[in-house]
Amino acid sequence: MKYRKQIRESARLAEPYCVSKGEKFRLKDYDPRDTGDVKNKEQGLKIIENRAGLLSNLQEKLYAQDRWALLLVIQAMDAAGKDGVIKHVMSGVNPQGCEVHAFKTPSAEELNHDYLWRAHRCVPERGKIGIFNRSYYEEVLVVRVHPTLLQAQKLPDPLITKHIWERRYEDINAFEHYLTRNGVVTRKFFLHVSKKEQKKRFLERLEDSKKNWKFSMADVKERAYWKDYQEAYEEMIQNTATKHAPWYVIPADNKWYTQLIVASTIISTLEDLDLSFPDLDKEKKKELEGVRDSLLHEKD
Ligand code: ATP
Ligand code: MG
């Protein structure tokens with residue numbers, strides 16, 4: 001398939017899952033089992049195979065041009081496939097131009113700062129792709145579902161009001177606007193897995209000795225709060241889906257489809273930046289010609 005066609009195909013695949021205006025967003029309108037018009041896994045893998053190299057070409061230009069950065073935020077319930085997505089994306093890029101940061105329960109040092117502090121330090125530099133495996137969005141997810149976590153944040157009492165979540169959405173939107181205005185293109189992914197599929201994957205982790213290590217008691221505990229999490233995710237997307245930093249609500253019951261759509265989104269986002277290798281000025285070109293000549297005429 002020709003380059004242009006592959007780019008168009010990637011944009012077309014990603015588009016239905018993009019939420020850039022949150023008001024009317026309802027999670028129930030998105031089916032975790034959806035596979036769009038891709039017939040089956042084989043066809044999906046074929047699309048992935050056909051466009052091998054596309055992402056790495058775009059990344060090379062991003063790196064060479066050294067102007068834009070791309071921040072990919074990945075949020076999901078446990079076992080939705082975050083790790084698989086990250087592995088898939090990383091397999092298509094030069095590791096030197098890409099970094100992954102996982103955000104876990106904050107340390108004592110991190111809790112001594114404002115909550116964006118630890119994330120801001122990990123924002124990718126120009127030319128790079130940064131992946132956040134969980135992110136500052138945990139501040140309106142796990143912290144919202146478990147209010148005791150908020151107590152641990154050492155916020156002054158007058159700042160803990162019933163408006164705290166609204167304020168956090170505002171601050172996150174402002175932060176992402178700030179990043180965008182500084183050349184950090186931000187795309188956010190919610191891997192939308194069904195409760196039924198999560199159960200199946202947990203059972204696999206329990207029954208398959210090669211997957212035992214992935215099982216965590218904490219995951220099952222969080223599963224008991226499924227409904228609260230779904231509400232928190234819905235409200236989060238309603239309030240933080242913006243034109244400059246849209247959410248992509250990715251069906252996650254089929255891992256191959258999740259990976260296909262996330263990669264499609266990244267490809268089409270990078271393509272929209274109209275990246276190109278830097279053009280050298282006349283003087284620099286002349287200098288390179290000189291070096292080339294002397295290399296060609298080297299004696300030994
Ligand atoms: P995996 O299980 O695949 O290794 P993971 O992202 O689930 O990946 P864990 O170490 O199992 O990693 O879990 C990290 C935990 O840290 C999650 O339960 C998450 O909700 C929690 N966490 C992340 N950020 C915060 C935060 N700001 N406040 C409180 N808890 C947080
Ligand atoms: Mg986990």
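Please refer to the structure higher up on the page.
Residues numbered from 1 in each chain as written. Chains lettered and ligands numbered in written order. Predicted model: local features only at pLDDT ≥ 70, side-chain atom pairs only at ≥ 80, totals over all residues. Heavy atoms only, no water.

We now examine the layout of surface pockets. By rolling a water-sized probe across the atoms, one finds the places where empty space is left. Roughly 1,300 Å³ of volume is contained in the largest pocket. Together, 43 residues line the largest pocket, and Asp-78, Lys-82, Asn-133, Arg-134 and Asp-219 are the ones closest to its centre. Contributions of two or more residues to the lining of the largest pocket are made by helix H4 (82-91), helix H7 (142-145), helix H10 (195-207), helix H11 (217-223), helix H12 (226-240) and helix H13 (255-272). Looking at which element gives the most residues to the lining of the largest pocket, the answer is H4, with six residues. (1 Å grid on protein atoms, 1.4 Å probe; cavity = no way out; pocket = protein on both sides within 12 Å on 5 of 7 lines; lining within 4 Å. Points joined across faces, edges and corners; volume = space filled by probe spheres on them. Helix = DSSP H or I, 4+ residues; strand = E, 2+ residues; numbered from the N terminus.)

Turning our eyes to something else, we now look at the nonpolar core. Among the nonpolar cores identified, the biggest contains 78 residues, and Tyr-136, Leu-191 and Leu-270 are the most heavily contacted of them. The element contributing the most residues to this core is H13, with eight residues. When near neighbours in sequence (up to four residues on either side) are disregarded, Leu-270 contacts Leu-55, Leu-58, Gln-59, Leu-62, Leu-70, Ile-129 and Leu-275. (Core = buried A, V, L, I, M, F, W, Y, C linked by side-chain atoms within 4.5 Å. Buried < 20%, exposed > 50% of the residue type's maximum accessible area, 1.4 Å probe, protein only. Contact = heavy atoms within 4.5 Å.)

In this section: unusual backbone geometry. Of note in the backbone geometry, Arg-134 takes a positive phi value of approximately 70 degrees without being a glycine. Here Arg-134 lies in the loop between strand S4 (129-133) and H7. The phi dihedral of Asp-274 falls on the positive side, at around 55 degrees, and the residue is not glycine. Position of Asp-274 relative to the elements: it lies in the loop between H13 and helix H14 (282-296).

Every one of the 14 residues lining ligand 1 counts as a neighbour, but Lys-82, Lys-104, Arg-134, Glu-138 and Glu-139 are closest to it. Here Asp-83 contributes a side-chain N or O atom positioned 3.4 Å from an oxygen atom of ligand 1. Within the side chain of Glu-139, one N or O atom sits 2.9 Å away from a nitrogen atom of ligand 1. Coverage of ligand 1 by the protein amounts to 75% of the 640 Å² it exposes when considered alone. Judged by its atoms lying within 2 Å of the grid points, ligand 1 is housed in the largest pocket. (Near = heavy atom within 4 Å. Polar contact = N/O pair within 3.5 Å; in protein donor to acceptor, adjacent residues only side chain to side chain. Areas by Shrake-Rupley, 256 points an atom, 1.4 Å probe, with all protein chains shown as cover. Sits in = over half its atoms within 2 Å of the grid points.)

Function-wise, these values are silent; they only describe arrangement.
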